[in-house]
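Architecture at a glance
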Number of protein chains: 4
Amino acid sequence: MSSEFGKNIKLSIFGESHGRAIGCVIDGLPSGIKLDMDKIYVDMSRRAPGKDKTSTPRLEKDIPNIISGVLDNVTTGAPLAMVIENTNTQSGDYSNLMTVPRPSHSDYPAYVKYDGNNDIRGGGHFSGRLTAPLVFAGAVAKQVLAQKGITVGAHIAKIGSVQDEMFDKNNITAEQLNKLSAVAFSTISSQAQKKMREVIEEARMKQDSVGGIIECAAIGLPVGLGANIFSTVESQLSSILFGIPAVKGVEFGAGFDFAEMKGSQANDAYCIKNGKVALKTNNNGGVLGGMTSGAPLVVSVAIKPTPSISQPQQSVNLQTMQEETLVIQGRHDPCIVGRAVPVVEAAIAFGLLDMMM
Amino acid sequence: MSSEFGKNIKLSIFGESHGRAIGCVIDGLPSGIKLDMDKIYVDMSRRAPGKDKTSTPRLEKDIPNIISGVLDNVTTGAPLAMVIENTNTQSGDYSNLMTVPRPSHSDYPAYVKYDGNNDIRGGGHFSGRLTAPLVFAGAVAKQVLAQKGITVGAHIAKIGSVQDEMFDKNNITAEQLNKLSAVAFSTISSQAQKKMREVIEEARMKQDSVGGIIECAAIGLPVGLGANIFSTVESQLSSILFGIPAVKGVEFGAGFDFAEMKGSQANDAYCIKNGKVALKTNNNGGVLGGMTSGAPLVVSVAIKPTPSISQPQQSVNLQTMQEETLVIQGRHDPCIVGRAVPVVEAAIAFGLLDMMM
Amino acid sequence: MSSEFGKNIKLSIFGESHGRAIGCVIDGLPSGIKLDMDKIYVDMSRRAPGKDKTSTPRLEKDIPNIISGVLDNVTTGAPLAMVIENTNTQSGDYSNLMTVPRPSHSDYPAYVKYDGNNDIRGGGHFSGRLTAPLVFAGAVAKQVLAQKGITVGAHIAKIGSVQDEMFDKNNITAEQLNKLSAVAFSTISSQAQKKMREVIEEARMKQDSVGGIIECAAIGLPVGLGANIFSTVESQLSSILFGIPAVKGVEFGAGFDFAEMKGSQANDAYCIKNGKVALKTNNNGGVLGGMTSGAPLVVSVAIKPTPSISQPQQSVNLQTMQEETLVIQGRHDPCIVGRAVPVVEAAIAFGLLDMMM
Amino acid sequence: MSSEFGKNIKLSIFGESHGRAIGCVIDGLPSGIKLDMDKIYVDMSRRAPGKDKTSTPRLEKDIPNIISGVLDNVTTGAPLAMVIENTNTQSGDYSNLMTVPRPSHSDYPAYVKYDGNNDIRGGGHFSGRLTAPLVFAGAVAKQVLAQKGITVGAHIAKIGSVQDEMFDKNNITAEQLNKLSAVAFSTISSQAQKKMREVIEEARMKQDSVGGIIECAAIGLPVGLGANIFSTVESQLSSILFGIPAVKGVEFGAGFDFAEMKGSQANDAYCIKNGKVALKTNNNGGVLGGMTSGAPLVVSVAIKPTPSISQPQQSVNLQTMQEETLVIQGRHDPCIVGRAVPVVEAAIAFGLLDMMM
């Protein structure tokens, strides 16, 4: 497995869902950054399960213990290592998964790849729990970015067929983003949020799950970040975003809607605003020729429905090579989209920081 | 700029649209691969402009000259270097672009980033012409993959609102893919192709352009390619795909459609087929937990409309900092989606080969 | 700082001498490797201080806690993370080093580079203590290599002017290497060892320190490991060896002695031995054209004298910018060469494993 | 093969000795650097053979053709690609090497590794001729470094038993380095040079060859370049230096002489000089804790005798598996140390630039 990301700052994530601990090493962080631990806890908490009916009732404490690279809350320049101990795990629930892979999960290809040696309890290293260290790394990255005047924030754009208001791509404020990234299950419209929760509750009652879309923005970026040909902003951000379990699509600006647009509609004209070059529209989502254009970065991410559902599903027994009906025990999120919002923010923040170093 | 891709095989692309030459170095190719140059020329030709009204009337010979790494048509194991000389260039057409950036192009951020030093003639290193070396590298990669029983092919899934038939995600044959990758402007439905050409011709008459979607598949992949967390198949393929100019979205399997799906619909159940583990559906597009599942890899790519249109557009003069109307001279594609099909195939093929080495 | 090594297997080392913990992440280890923890402890113990008068009397327990990537003593394929808690630290000893850099140490450039933010207690991340995780990683690597028939071992070749017997470069056995790597302060000649200990004791009595040379060999390597131009065996091994504090020179085979040799003396002739290609001599130390030749790999490493000595030394006060006499308190090794032997073995073993994956 | 070097600037070298061309791509060079082509030609010429009796009488024109990345002699920021066409090659000379490997050359391991597919004419990709693109890249790097006040220069420290004067490690001037890097076969002492030429001529008359040592220095470096643990200055420079064919040892400052030194002799004391921190000695060769100390960087490199000698040598026939006497035809350098001086300078310059970007 390769659980490392980054060219200039390297993030190495380790751990297995039901092992002794999970954590990460961030190598290449500048020295002298004062960390606000409370802000980090806020992001960790937004991702943590158990806050309401939309997520799994497991209680994870998820307290990040920094064991190197920080002295008196200030980064030393040495690799920052962080560990979260695993405490509340019920491994027994997963006993029959060893030989009967859960549909839409990593189980089957992991079984083939690791020849049965990988830790399958709770999904092992493939568990969504491994996004906790990513959220931590992103929370650290956000604080470094904030010093450079850059703000990142995201909201649930869609769950099922319920659509939130979308960002006005060319007019996004730090205030708006900070408001979104201060709470769990963030949406722009409170009406949409209410309906989304209903859709999730409905899925939960049916022992089913539901997918969604997250829209994330970053403002304050300098012009010219990213580079041709294979280090475009889109290449680097999609690369880290597709590291988040359940992400199956990434688009920038108008994304797939470009297919039905004419050039005359799609092109973002230039104008002069307050004596500076500005864009009149932002269909390109803040990226031109793979580089930041000065307009807000706007990216959308598709999240598939939680694969773990309580309904009986058809699978196969890898030992007997017979078809078998699988009933997944354990506690599962009917929708992970809400919890994935800070994870997407974290991936974008870390990806941007890597490009800026 | 960073125009390198790959962890195990490295592709380094160089050149500027109106400079002396473009080309690439492929470092890490196995020795002993017999290259069929005719197959390479076919792909180069599918990408080349000037074949019909859907593309620019420029004549580019695009003959790839291999200058190292191949002896008697067999790879030596040393870096393979290839050069295409630039012959038919009319630099004069681009003279006013120096100071007035073309909307939706790289011009403005490149101007800021390179402080006016970058070669802007024909888009310089940002030109779509730089996809020629990528097609070459992909054509080489396809031949290595073919020896391992892997086939890659793509078609135009959509132009404007005209939709082609889509792949039956769980039932794709080498024959079908080879047929698609043998011709230019490939579609599954000839009816759809006819309508797409009309949409493009219509855009051309209106001095406009139009975008689209390309769907690409690969079959014959072993189970377990790719790795958690940040080396997922999706991470690595999206990373190279977003290096193709005009690509603004990438999705795997059901992609953004997952948002409206329930887990019970989305999950791909397992079955036993001919004594082997198989999938009953393939909503995940052949990737589970970031690894290949054994089902066909299916990926869709959004292409924005050609930014260069002949209609007057609003821009700014970067010297005088005044708004200015820009009329782009020169010859431009009303739609690049057709020519982008072999480029997408090439990116997928090279990305897969890198993972397999 | 960048404390990562490896292309195929990545080693990320973290920690500061007097911080909460030190450790490492090994990403990319194959799954299914059964680890013999006792063998790992042996190497950790060979490096640990306090065993005799040749090293510092500090007591470090250095117990490696594996917190992920291993289940029931077998690697899972997920990143292996290991943590050693720091227990016995006397930070007070280093209080005046903040502003008065120790000669021949990292203190001054680190002060400039990290602007005073780096943790200077005990050398922080620059401490020789950070070689403990490297020894751990090397001990793991040795066990993977052993399965492939590869053995690594080293001895003290020189301390001061006392010379050990050197390897017979073309005739090294696994038995010999295993014997060397089973004990601390390993030498081929027990006579030489006795004299070396005297030289060290003499230096200790004079509050001085002494340097040396370590010779390391690896046998059982396949022919053709390493690659031209910039991935030669020498490039990759020197790169990790120069990550060991105090290493100031690396040579392969005859190394610097080649300067005075004629080609007719230096060239290693080929012969047929037991029906196989063999070398009659091994001046090239097992590497030809940057690739392994099948002969034993032989590398020598120069270690400078421990910079921390108790004698008064001339330094400067970085606050007042006045010259100042420095007396280093604390407990220091009069010679680190003996403790560095398993570190050199570890670096070679990890470097070789990275090339083999 | 992997012929790429660099983290921030990437150098990709391609070509085979008797193929169509050799060359390189430099990816990541800053834009706006004005190149003085004459200075580049000087370095190319210093490396080129045929200037006197110390080197091979082959005539290579070695004219570097820049085909991208430079416009009107100024770098554009796009990858700089350079090609040198191979013209004067006599492949016939190497015909019997296919099956009978030359001692001390890459032939045998390359045969095993590439299964007979590699281009063996003239050494193919392993040829010393491939150092021409490295010298080019280094010459470009030197010009970028010069703008930052950094100067690099080297001399022949030793050939056979003839020793040149060595650098006064703590007192090296730009004038001295520029003088050395302006000429071929540079030494500090003209007396030593005369004797070295005699030693080489003597070897030539005996159809033999001779090795040597090159000492290189760089001044003007900022304090704090390089990083712990595995990105030390020594790691990065040794890594590129060991990419030069025939290099078998690398040492910094006192290097292997540290073995016989006491800490009290070896430690470089600090002082205040002109109001700044300075070093009283420079045994560490300008590197402390893996970082530049502000003192001159001083590195020595061991070069083995040219393996190609005209004397009959014992080898084996890889087809018949019989021992066989080999007589190497063709034109060969009795000593490559002189020609390697600009290569070592180039490697150091490129390595330093990579660290500075």
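Just so you know, these numbers come straight off a predicted model, no measurement behind them.

So, how was this worked out
Residues numbered from 1 in each chain as written. Chains lettered and ligands numbered in written order. Predicted model: local features only at pLDDT ≥ 70, side-chain atom pairs only at ≥ 80, totals over all residues. Heavy atoms only, no water. Pairing = 2+ DSSP bridges. Helix = DSSP H or I, 4+ residues; strand = E, 2+ residues; numbered from the N terminus. Contact = heavy atoms within 4.5 Å. Axes fitted to C-alpha atoms, helices over the stretch in contact; angles between N-to-C directions. Buried area = accessible area lost by both parts, 1.4 Å probe. Salt bridge = Lys/Arg side-chain N within 4 Å of Asp/Glu carboxyl O. Polar contact = N/O pair within 3.5 Å; in protein donor to acceptor, adjacent residues only side chain to side chain. Nonpolar A, V, L, I, M, F, W, Y, C, P; charged D, E, K, R; others polar. Expected span 1.5 Å × (residues − 1). Buried < 20%, exposed > 50% of the residue type's maximum accessible area, 1.4 Å probe, protein only. Arc of directions from axis to C-beta. Core = buried A, V, L, I, M, F, W, Y, C linked by side-chain atoms within 4.5 Å. pLDDT = per-residue confidence, 0-100. Least-squares fit on C-alpha atoms with pLDDT ≥ 70 in both. Parallel < 35°, antiparallel > 145°, perpendicular 65-115°, else oblique. Left-handed = near helix turned anticlockwise from the far one by under 90°. Disulfide = S-S within 2.5 Å.

**Remarks on the sheet that holds strand E9 (residues 162–163) of chain B**
In space, the ten strands of this open sheet follow the order E9(A)-E8(A)-E10(A)-E16(A)-E11(A)-E11(B)-E16(B)-E10(B)-E8(B)-E9(B), with antiparallel pairing throughout. Only two strands of the sheet have a single neighbouring strand rather than two, namely strand E9 (162–163) of chain A together with E9 of chain B. Bridging between strand E11 (residues 247–252) of chain A and strand E16 (residues 297–303) of chain A involves five bridges; their strand directions are antiparallel. For Glu251(A), the partnering residue across the bridge sits in E16(A) and is Ser300(A). Along the sheet, helix H8 (residues 337–356) of chain A makes contact with strand E8 (151–159), strand E10 (212–219) and E16 of chain A, crossing E8(A) at roughly 145 degrees.

**Some remarks on the interface of chain B and chain A**
Taken together, the 101 residues of chain B in the interface contact 101 residues of chain A. Summed over both partners, the interface of chain B with chain A comes to about 7,800 Å²; 62% of that surface belongs to carbon and sulfur atoms. Summed over the shared surface of chain B and chain A, the number is four salt bridges. The interface formed by chain B and chain A includes 64 residue pairs in polar contact (both at pLDDT 80 or more). The residue makeup of the side of chain B that touches chain A, split by class, is 49 nonpolar, 37 polar and 15 charged. Both E11(A) and strand E11 (residues 247–252) of chain B contribute to a ladder of three bridges, which runs antiparallel. From the neighbouring strand, Gly249(A) faces E11(B), where its bridge partner is Glu251(B).

**A look at helix H5 (residues 190–205) of chain A**
Residue and element names in this part refer to chain A. With 16 residues, H5 extends 23 Å between its outermost C-alpha atoms, agreeing within 8% with the 22 Å of an ideal straight helix rising 1.5 Å per residue. Here H5 has its buried residues at Ala-192, Gln-193, Met-196, Val-199, Ile-200 and Ala-203. For H5, the arc enclosing every buried residue in end-on projection is 120 degrees, short of the 170-degree limit, so these residues lie on one face. Among the exposed residues of H5, those oriented more than 90 degrees off its buried face are Ser-190, Gln-191, Lys-194 and Met-205. In this structure, the buried residues of H5 make contact with E8 and E9. Capping the start of H5, Ser-189 holds a side-chain oxygen 3.2 Å from the backbone nitrogen of Gln-191, two or three residues further along. Taken from the residues just after H5, Gln-207 is the one with a positive phi, measuring 55 degrees.

**Regarding the pattern of salt bridges**
All names here are of chain B. Taken as a whole, this structure holds 48 salt bridges over all chains when the rule is applied. Glu-201 is the salt-bridge partner of Arg-204, the closest N and O atoms lying 2.8 Å from each other. Of this pair, Arg-204 and Glu-201 both sit in helix H5 (residues 190–205), three residues apart, roughly one helical turn. A relative accessible area of 35% places Arg-204 in the partly exposed class.

**A closer look at the sheet that holds strand E2 (residues 10–15) of chain A**
Strand order in the open sheet formed by five strands is E1-E2-E3-E7-E4 (chain A), with antiparallel pairing between adjacent strands. In the strand order of this sheet, the two ends are held by strand E1 (4–5) and strand E4 (65–68) of chain A, each with one partner.

**Side note on the nonpolar core**
Side chains of a nonpolar character, in soluble globular proteins, are inclined to be buried together. Leu352(C) and Leu352(D) are the most contacted members of the largest nonpolar core, which totals 156 residues. The contacts of Leu352(D), once residues within four sequence positions are left out, are Leu145(D), Val152(D), Ala218(D), Leu221(D), Leu225(D), Leu237(D) and Leu297(D). By size, the runner-up hydrophobic cluster in this structure holds 155 residues, among which are Ile66(A), Ala346(A), Ile9(B) and Leu145(B).

**Some remarks on the confidence of the model for chain A**
Keep in mind that low pLDDT regions are not for reading the predicted coordinates in detail. Model confidence for chain A is summarised by a mean pLDDT of 93, while 94% of its residues fall at 70 or above. We note a pTM of 0.96 for the whole complex and an ipTM of 0.96 for its interfaces.

**Brief notes about the pairing of strand E10 (residues 212–219) of chain D**
All names here are of chain D. Where burial is concerned, most of E10 is hidden: eight out of the eight residues are buried. Along E10, one buried face is formed by Gly-212, Ile-214, Cys-216 and Ala-218 and the opposite face, lined by Ile-213, Glu-215, Ala-217 and Ile-219, is buried too. By the bridge criterion, eight bridges tie strand E8 (residues 151–159) to E10 in an arrangement that is antiparallel. When the sheet's bridge partners are listed, Lys-158 is paired in E10 with Ile-213. Relative to strand E16 (residues 297–303), E10 runs antiparallel, the two being bridged by seven bridges. Across the sheet, Ala-218 pairs through a bridge with Leu-297, a residue of E16.

**Details of the relation of the copies chain B and chain A**
The operation relating chain B to chain A is a screw motion whose rotation component is 180 degrees, with 0.0 Å of axial translation and a residual RMSD of 0.0 Å. Here the symmetry operator amounts to a two-fold rotation axis.

**Some thoughts on the packing of helix H1 (residues 37–47) of chain A against H8(A)**
All names here are of chain A. In the contact formed by H1 and H8, the axes pass within 7 Å of each other and the chain directions differ by 140 degrees. As judged from the angle between their axes, H1 and H8 are oblique. Residues Asp-43, Arg-46 and Arg-47 of H1 lie in contact with H8, whose contacting residues are Arg-339, Val-341, Pro-342, Val-343 and Glu-345.

**Focus: the environment of Thr325(C)**
Inspection of the secondary structure puts Thr325(C) in strand E18 (residues 322–326). Separated by 13 residues in the primary sequence, Thr325(C) and Pro312(C) place their C-alpha atoms 6.3 Å from one another.

**Thoughts on the packing of helix H6 (residues 233–241) of chain D against helix H8 (residues 337–356) of chain D**
Residues and elements named next belong to chain D. Where H6 meets H8, the axes come as close as 9 Å, and the angle between the chain directions of the two elements is 135 degrees. One finds that H6 runs oblique with respect to H8. Crossing of H6 against H8: the hand is right-handed. In this structure, H6 uses Val-233, Gln-236, Leu-237, Ile-240 and Leu-241 to contact H8, whose residues at the interface are Val-344, Ala-347, Ile-348, Phe-350, Gly-351, Leu-352, Asp-354 and Met-355. A class-by-class count of the residues in the contact of H6 with H8 yields ten nonpolar, two polar and one charged.

**Quick notes on the environment of Asp168(A)**
Relative to the helices and strands, Asp168(A) resides in the loop between E9 and helix H4 (174–180). As a C-alpha pair, Asp168(A) and Asn282(A) span 114 residues in sequence and 8.9 Å in three-dimensional space.

**Concerning the state of the cysteines**
All told, the structure shown has zero disulfides over all chains when counted by the stated rule. Here Cys216(C) stays unpaired: no disulfide links it, and the sulfur of Cys335(C), its closest cysteine neighbor, is 17 Å away.

**Remarks on helix H6 (residues 233–241) of chain C**
Among the nine residues in H6(C), nine count as buried, and that is most of the element. Among the residues making up H6(C), those that are buried are Val233(C), Glu234(C), Ser235(C), Gln236(C), Leu237(C), Ser238(C), Ser239(C), Ile240(C) and Leu241(C).

**A few points about unusual backbone geometry**
A cis amide bond links Asn228(B) with the next residue in sequence, Ile229(B), at an omega value of -10 degrees. For Met321(A), which is not glycine, the phi torsion reads 55 degrees and is therefore positive. Along the polypeptide, Met321(A) turns up in the loop between strand E17 (313–317) and strand E18 (322–326). A residue is classified by how much of its surface remains accessible, and Met321(A), at 30% relative accessible area, is partly exposed. Of note in this structure, Asp115(D) is not a glycine but carries a positive phi near 55 degrees.

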